[in-house]
Amino acid sequence: MLAIDISTPGGPEVLVPVERPVPSPGPGEVLVRVAAAGVNRPDVMQRKGHYPPPPGAPTIPGLELSGTVVAMGPDVDAEMLGQSVCALVSGGGYAHYAVAPVGQCLAVPPALDMVEAAALPETLFTVWSNLFERAYAVEGDTVLVHGGTSGIGTMAILLGKLFDLTVIVTVGSDAKAARALEIGAAHAINYHSSDFVEEVKRITGGKGCQAVLDMIGGDYLPRNLACLAEEGRHVSIAVQRGAKTELNLVPVMQRRLTLTGSTLRPRSAEFKALVADEITHTVWPHVREGRLRPVIDSVFPLAEAAKAHARMDSGEHVGKIVLTV
């Protein structure tokens, strides 16, 4: 089969077409003929040599895909054969075929095309497990999400609309702020022209927000905590500005704040299957009825994966970048 792999750590140009054997599904796995694969920030980090795949995962990038089940491993229901699915995987999506744990597959409803389906799993699993599970966001909460026009940010906006959250996002330009508002954010802050801490205080009448979903890290952490209301929850999912910072613990104790975080890719298949089951019951009805569909920025053929990564590196994208096979 044709796949896209990383020849050596570096820029987008290191993504090269290669021939690889078609993988074989093991127990509890299915083989998917890939129709489309989402491009995500962890793929970029892996390409740069900063995020190696977990043990047992393929070196081929790609954490989400859509396609048709063409073979099954032991103990998989025969009814899966021929099903259209999208799936969260630990790698291997940038290829003609990929293996996916059956518990991480979601049926693609008629309301979605395969490009949209491929753009859902990684951000949906991430936002659901972190904003709604780890940060306990519930109806009526106000939440702050950084990277508001990224794949994660746009998914947080869309889920926030469905589950009655007030979503405040930060973005890097007035144009992106306007786009975030169009997608459904309640407020969008251009961090180049405004202090997001002061803006959050203004928006919330000085009370602060109930949760922060942060992919920035570094010196954003103490500023994020200043945005939280009493009993507020802070969830870290990436560290684009660094993994270390200096923090005053007194406000954490005085206002009873919770600091937590997670990384999804290394988690067990059992955990991801539990998240998939929750999503099936709580979110997927909205997908089936056409109320939730991802924001698509651009689509590239698999052979142009380097161009797709260059688009992500530019920081100009709004929503998801997808490869078609």
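Going along each chain's sequence as written, the residues are numbered from 1 onward. Local features in this predicted model are restricted to residues whose pLDDT is 70 or higher, and side-chain atom pairs enter the listing and the counts only when it is 80 or higher, whereas totals over whole chains, interfaces and linings include all residues. The side-chain numbers reported here are obtained from all heavy atoms of the structure, hydrogens and water having been left aside.

(A) Layout of the packing of aromatic side chains. Working definition: rings of Phe, Tyr and Trp (its six-membered ring) pair if their centres are within 6.5 Å, and the pair is stacked with planes under 30 degrees apart, edge-to-face with planes over 60 apart, and tilted otherwise. The tally for this structure, following the rule as stated, stands at 4 aromatic pairs. Centroid distance F132 to F163: 5.5 Å. Interplanar angle 65°. Geometry classified as edge-to-face. Of this pair, F132 sits in helix α3 (residues 121-134) while F163 sits in the loop between α4 (151-162) and β9 (166-171); the two residues are 31 residues apart in sequence, bridging distant segments of the chain. Under the relative-accessibility criterion, F132 is labelled buried at 12%. Seen from the ring of F271, R267 lies directly overhead, with NZ or CZ sitting 3.6 Å from the centre. Note on conventions: DSSP H or I runs of at least 4 residues are helices, E runs of at least 2 residues are strands, and numbering of each starts at the N terminus. Each residue's exposure class comes from its accessible area (1.4 Å probe, protein chains only) as a fraction of the maximum for that residue type: buried when under 20%, exposed when over 50%, partly exposed otherwise. Throughout this description, the term charge over a ring refers to an Arg CZ or Lys NZ atom that lies within 6 Å of the ring centre and within 35 degrees of the ring normal.

(B) Region of interest: helix α7 (residues 220-227). Buried within α7 we find Y220, L221, N224, L225 and C227. The arc that holds the buried residues of α7, viewed along the axis, is 150°, so those residues lie on one side. In this description, one arc is meant: the one made by directions from the helix axis to the C-beta atoms.

(C) Fine view of the packing of α3 against helix α9 (residues 269-282). Here, axes are lines fitted to C-alpha atoms. For helices the fit covers the stretch in contact, and angles between N-to-C directions go from 0 to 180 degrees. It is the contact of α3 with α9, at a shortest axis distance of 10 Å, that shows an interaxial angle of 85°. Here α9 runs roughly perpendicular to α3, going by the angle between their axes. For the pair α3 and α9, the contacting residues are L124, F125, W128, S129 and E133 in the first and K272, V275, A276, E278, I279 and T282 in the second. Classifying every residue of the contact of α3 with α9 by side-chain character gives 6 nonpolar, 2 polar and 3 charged. Should an angle lie under 35 degrees it is considered roughly parallel, over 145 roughly antiparallel, and from 65 to 115 roughly perpendicular; all remaining angles are considered oblique. Whether two residues are in contact is decided by their heavy atoms, any of which lying within 4.5 Å being enough. Under the convention adopted here, Pro, Cys and the residues Ala, Val, Leu, Ile, Met, Phe, Trp and Tyr are nonpolar, Asp, Glu, Lys and Arg are charged, and Gly plus all remaining residues are polar.

(D) Structural context of the layout of surface pockets. In this structure, the largest pocket occupies an estimated 1200 Å³ of space. In this analysis a 1.4 Å probe is tested at points of a 1 Å grid over the protein atoms alone, and where it fits but cannot get out there is a cavity; an open set with protein on both sides within 12 Å along at least five of seven lines is a pocket; lining residues have an atom within 4 Å of a point. Along the walls of the largest pocket sit 47 residues, with R41, S150, M215, A238 and Q240 positioned nearest its centre. Breaking the lining of the largest pocket down by element, the ones donating at least two residues are α1 (41-47), α3, α4 and β9. Looking at the lining of the largest pocket element by element, the count peaks at 4 residues for α3. Classifying every residue of the lining of the largest pocket by side-chain character gives 18 nonpolar, 22 polar and 7 charged. Grid points are joined across faces, edges and corners, and a volume is the space filled by probe spheres set on the points. Roughly 480 Å³ of internal volume is contained in the second largest pocket. What lines the second largest pocket is a set of 31 residues, and nearest its centre among them are E29, P58, S90, V99 and P101. Of all the elements in the fold, those that place two or more residues in the lining of the second largest pocket are β6 (97-101) and α9. At 5 residues, β6 tops the list of elements feeding residues into the lining of the second largest pocket. A class-by-class count of the residues in the lining of the second largest pocket yields 18 nonpolar, 8 polar and 5 charged.

(E) Spotlight on the pattern of salt bridges. A pair is scored as a salt bridge if a Lys or Arg side-chain nitrogen falls within 4 Å of a carboxyl oxygen belonging to Asp or Glu. Using the criterion set out here, one finds 12 salt bridges in the structure. Between E64 and K320 there is a salt bridge, with the nearest N and O atoms lying 2.4 Å from each other. In this pair, E64 sits in strand β4 (residues 64-72) while K320 sits in strand β15 (residues 320-324), placing the two residues 256 residues apart along the sequence. The exposure class of E64 is buried, given its relative accessible area of 0%. Given a relative accessible area of 3%, K320 falls into the buried group. Between D195 and R223 there is a salt bridge, and its shortest N-O distance comes to 3.7 Å. A residue pair is termed long-range when its members are at least 10 positions apart, and D195 in the loop between β10 (187-190) and α6 (196-203) and R223 in helix α7 qualify at 28 residues. A relative accessible area of 37% means that D195 is categorised as partly exposed.

(F) Summary view of the sheet that holds strand β12 (residues 228-236). For two strands to be treated as a pair, DSSP must find no fewer than two bridges joining them. Across the sheet, 6 strands lie side by side as β10-β9-β8-β11-β12-β13; this open sheet has parallel pairing. Only two strands of the sheet have a single partner each, and these edge strands are β10 and β13 (258-261). Direction aside, the axes of adjacent strands within the sheet are offset by 20° on average. Bridge analysis of β12 against β13 gives 4 bridges, and the strand direction is parallel. Across the sheet, the residue bridging to R233 is T258, located in β13. Of the strands in this sheet, β9 and β10 are in contact with helix α5 (residues 174-183), which crosses β10 at around 170°. Lying on the sheet, α6 is in contact with β8 (142-145), β9, β10 and β11 (209-214); it crosses β10 at an angle near 155°.

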